[in-house]
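This is what each chain is made of:
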Amino acid sequence: MGKKVLFINQEIIPYVPDSEMSLMGSLIPQKMQETGFEIRTFMPKWGTINERRGQLHEVIRLSGMNLIIDDTDHPLIIKVASIPQSRIQVYFIDNEDYFQKRKTTVDELGDEYPDNGERAIFFARGVLETVKKLRWTPDIIHCQGWMSAVIPFYVKTAYHDEPQFANTKVITSLFCEQPKGDFGTKFKQCIEFREGKIELLSKYKENFDYIELGKFAIDYSDAIIETSKKVNTDLINYSKEIKKPILKHPSKDKITEKYTDFYNRILEG
């Protein structure tokens, strides 16, 4: 039986335009599935995604939960579709406040959404709660994109006692595409959930910018992937300082071999 990998992606083609992140969001799950891993894939249901063209439909049995963020109930909606070329099934995390009628990082004027931090928190909890409902136990969780940066923290704290995540390894891919602003002072109070206490964030700046968010993800991950030479050098150096295993993203013909070896090394470690 192949090992199970949960991919938590910010962007996946063909649902969003081509970018380094969206191309990798599609390619890596496909390569890992072809080599024998059992996979599940999640991404946000950005408001720019055409549901009819992408053939998305709601999964009623997984929807309906309310997640409380900043003392407000936010209904969780789960949709699903299959990538035509690879037949990989993608689960979409949706919510009227955070995703519907809204773009990814920035709005129509190019301004970053002030609640991007809360959106990432909702996305993280929505994914983990849905995986629990699926009764699926991942050996590895692979996070791709800043939108998934809260996942490592929750897996190692708030969800650590859940049988499905107790032994899960977390890998974070670092990209050069990052928000330029910060997530505001409310990010810390909004993220607190179960054992994910606000005190655990005392080492980070009050205003979480993408460097702090990157360090936060690195601290709670078991390993890091450097996706290109343009990844922020401060984050790569930080990963080395705290001795996290790092994989430099290989050439396309070596992806299957290098990622498989890296996954196995982390699982054995």
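Here the residue numbering is sequential within each chain, running from 1 through the sequence in written order. Whole-chain, interface and lining totals are the exception, using all residues; otherwise, since this is a predicted model, local features are given only for residues with pLDDT of at least 70 and side-chain atom pairs are given and counted only at 80 or more. No hydrogens and no water enter the side-chain calculation; it runs on all heavy atoms of the structure.

Caption draft 1: View of the overall build of the chain. Looking only at helices and strands, one finds eight helices and eleven strands in the chain. A radius of gyration in this sense is built from C-alpha atoms; the matching globule rule multiplies 2.2 Å by the number of residues raised to 0.38. Rg of the C-alpha trace for the chain: 17 Å, near the compact-globule value of 18 Å for 269 residues, within the 12% margin. Along the three orthogonal principal directions, the C-alpha set of the chain runs to about 45 × 45 × 40 Å. The burial tally for the chain puts 55% of its 269 residues in the buried class. All accessible-area figures derive from a Shrake-Rupley calculation using a 1.4 Å probe, and residue coverage is judged against the displayed protein chains alone. A total of about 12,200 Å² of accessible surface is found on the chain, and carbon and sulfur atoms cover 46% of it. In the chain, 38 positive and 40 negative side-chain charges are present, and the distance between their average locations comes to 5 Å. The numbering of helices and of strands both runs from the N terminus, where a helix is a DSSP run of H or I of at least 4 residues and a strand a run of E of at least 2. Note on exposure labels: buried denotes an accessible area under 20% of the residue type's maximum, exposed denotes more than 50%, and partly exposed covers the range between, all computed with a 1.4 Å probe on protein chains only. Note that His is not counted, nor are the chain ends; the positive residues are Lys and Arg, and the negative ones are Asp and Glu. Taken as the charge location is NZ of Lys, CZ of Arg, CG of Asp or CD of Glu.

Caption draft 2: Representation of the layout of surface pockets. Space inside the largest pocket adds up to approximately 280 Å³. In this analysis, the protein atoms alone were mapped onto a 1 Å grid. Cavities are point sets where a 1.4 Å probe fits without being able to get out; pockets are open sets with protein on both sides within 12 Å along at least five of seven lines; lining residues have an atom within 4 Å of a point. Together, 18 residues line the largest pocket, and Q10, E11, T104, T105 and E177 are the ones closest to its centre. Residue polarity is assigned by list, with Asp, Glu, Lys and Arg as charged and Ala, Val, Leu, Ile, Met, Phe, Trp, Tyr, Cys and Pro as nonpolar; anything else, Gly included, falls into the polar class. Residue classes in the lining of the largest pocket are distributed as six nonpolar, six polar and six charged. Grid points are joined across faces, edges and corners, and a volume is the space filled by probe spheres set on the points.

Caption draft 3: Representation of the environment of K3 within the structure. Checked against the element boundaries, K3 lands in the segment before β1 (4-9). A residue is classified by how much of its surface remains accessible, and K3, at 42% relative accessible area, is partly exposed. The spacing of K3 and D182 is 179 residues in sequence and 36 Å in space, taken between C-alpha atoms. Once residues lying within four places of it in the same chain are set aside, the contact partners of K3 are F37, E38, D139 and L267. Note on contacts: a residue pair qualifies if any of its non-hydrogen atoms lie within 4.5 Å across the two residues.

Caption draft 4: Quick peek at the packing of helix α6 (residues 210-219) against helix α7 (residues 233-241). Note on geometry: axes are lines fitted to C-alpha atoms, helical ones only across the stretch in contact, with angles between N-to-C directions running from 0 to 180 degrees. Interhelical geometry of α6 versus α7 gives an angle of 25° and a closest axis separation of 10 Å. Comparing their axes, α7 and α6 come out roughly parallel. For the element pair α6 and α7, the recorded crossing hand is right-handed. Only L235, Y238 and S239 of α7 make contact with α6, whose side of the interface consists of I211, G214, K215, I218 and D219. When describing relative orientation, an angle under 35 degrees is termed roughly parallel and one over 145 degrees roughly antiparallel, while 65 to 115 degrees is termed roughly perpendicular and anything else oblique. In a left-handed crossing the near helix is turned counterclockwise from the far helix by less than a right angle, and in a right-handed crossing that turn is clockwise.

Caption draft 5: Fine view of the sheet that holds strand β2 (residues 38-44). Note on pairing: DSSP must find at least two bridges between two strands before they are called paired. Sheet architecture is open: nine strands sit in the order β3-β6-β7-β2-β1-β8-β9-β10-β11, paired in mixed fashion. Taken across any chain shown, the strands that pair with only one partner, and hence form the sheet edges, are β3 (57-58) and β11 (246-248). The sheet contact formed by strand β8 (residues 140-144) and strand β9 (residues 169-174) spans five bridges and is parallel. Bridged to H142 within β9 is I171.

Caption draft 6: View of the packing of aromatic side chains. Stacked, edge-to-face and tilted labels apply to pairs of Phe, Tyr and Trp rings (six-membered ring for Trp) whose centres lie within 6.5 Å, assigned for plane angles under 30 degrees, over 60, and everything in between, in that order. A full pass over the atoms with the stated rule returns 19 aromatic pairs. When the centroid spacing of 6.4 Å and the interplanar angle of 50° are considered together, the rings of F99 and F122 count as tilted. Here F99, found in the loop between β7 (89-94) and α3 (116-134), pairs with F122, found in helix α3; they are 23 residues apart in sequence, far enough to count as distant. The pair formed by F99 and F122 is uniform in burial state, with each residue classed as buried. Measuring from centroid to centroid gives 6.2 Å for Y259 and Y263, while their planes differ by 75°, and the two rings are edge-to-face. One end of the pair is Y259 and the other is Y263, both in helix α8 (residues 255-268) and four residues apart, which spans about a single turn. The same class applies to Y259 and to Y263, which are both buried. Taken together, the ring pairs in this structure connect F153, Y154, Y159, F165, F187, F193, Y204, F208, F216 and Y220 into an aromatic cluster. A positively charged side chain is recorded as over a ring if its NZ (Lys) or CZ (Arg) lies within 6 Å of the ring centre. The angle to the ring normal must also be within 35 degrees. The cationic tip of R194 hangs over the ring face of Y159; the distance from NZ or CZ to the ring centre is 4.8 Å. Here K215 stacks its cationic end above the ring of Y238, 5.4 Å away from the centre of that ring.

This is a description of form; function is not addressed.
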